[in-house]
Amino acid sequence: TISEDVREMALEMMASSIDNPIQLNADSWRIVARNGRPEALYQRAVDVMEQVCHEQSESTAFSATLGAAYYRVERFDDAERTLLAAREDEDLALMVTALIALTKHASGKIDESRTKWTSLPEMLDAYEREQGRLSGADQALLNEALNLFPQQNDKHPDTADAPNH
């Protein structure tokens, strides 16, 4: 059984049309930024974002969401390739770096994951100074990444005990 909020997100995403790629991206991001969702919902986000990215290939935000969706359905090579295309966008750097660390870790590239992971606390500090606090979905994803190596997470100890969503 899926929760009411997940069911509502799925219905919203299905009701959105390809004519509104920004809304589709936002709906998909709210789904893929949190772990523990039903596999079918993640796959729906992949399907939607592949179509959006085909139509709007210049958007790094759309690529980042597609990369996160690929990560959630364990298409790690696709995730890494897609995220690398989005990494140059400074506005997305923190989330893309977190996603690359998660993807590398899940695919067994632990040392490469740790290399990406070590830059996250400093990037988070810079983001918070410039942009303020992260959204709930962004914070959940970042916590998931920061918790990859909790024994080394002394820069932001408050995230070490944060639940993964």
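Residues numbered from 1 in each chain as written. Predicted model: local features only at pLDDT ≥ 70, side-chain atom pairs only at ≥ 80, totals over all residues. Heavy atoms only, no water.

A.B. asks: Just to check I follow, could you spell out the overall build of the chain for this structure?
C.D. replies: Looking only at helices and strands, one finds 10 helices and zero strands in the chain. Starting at the N terminus and walking to the C terminus, you meet the elements of the chain as α-α-α-α-α-α-α-α-α-α. The burial tally for the chain puts 48% of its 165 residues in the buried class. Partitioning the intrachain contacts of the chain with sequence separation of at least 6 by distance along the chain shows that 58% fall at a separation of at least 24. With an accessible surface of roughly 8500 Å², the chain has 46% of that area assigned to carbon and sulfur atoms. (Helix = DSSP H or I, 4+ residues; strand = E, 2+ residues; numbered from the N terminus. Buried < 20%, exposed > 50% of the residue type's maximum accessible area, 1.4 Å probe, protein only. Contact = heavy atoms within 4.5 Å. Areas by Shrake-Rupley, 256 points an atom, 1.4 Å probe, with all protein chains shown as cover.)

A.B. asks: What's the story with helix 3 (residues 39–55) in this structure? I'm lost.
C.D. replies: For the α-helix, the turn length of 3.6 residues means that residues three or four positions removed from each other point alike. With 17 residues, helix 3 should cover 24 Å at 1.5 Å per step; its first-to-last C-alpha distance of 25 Å lies within 8% of that length. Every buried residue belonging to helix 3 is among Leu41, Tyr42, Ala45, Val46, Val48, Met49, Val52 and Cys53, and all of these are buried. (Expected span 1.5 Å × (residues − 1).)

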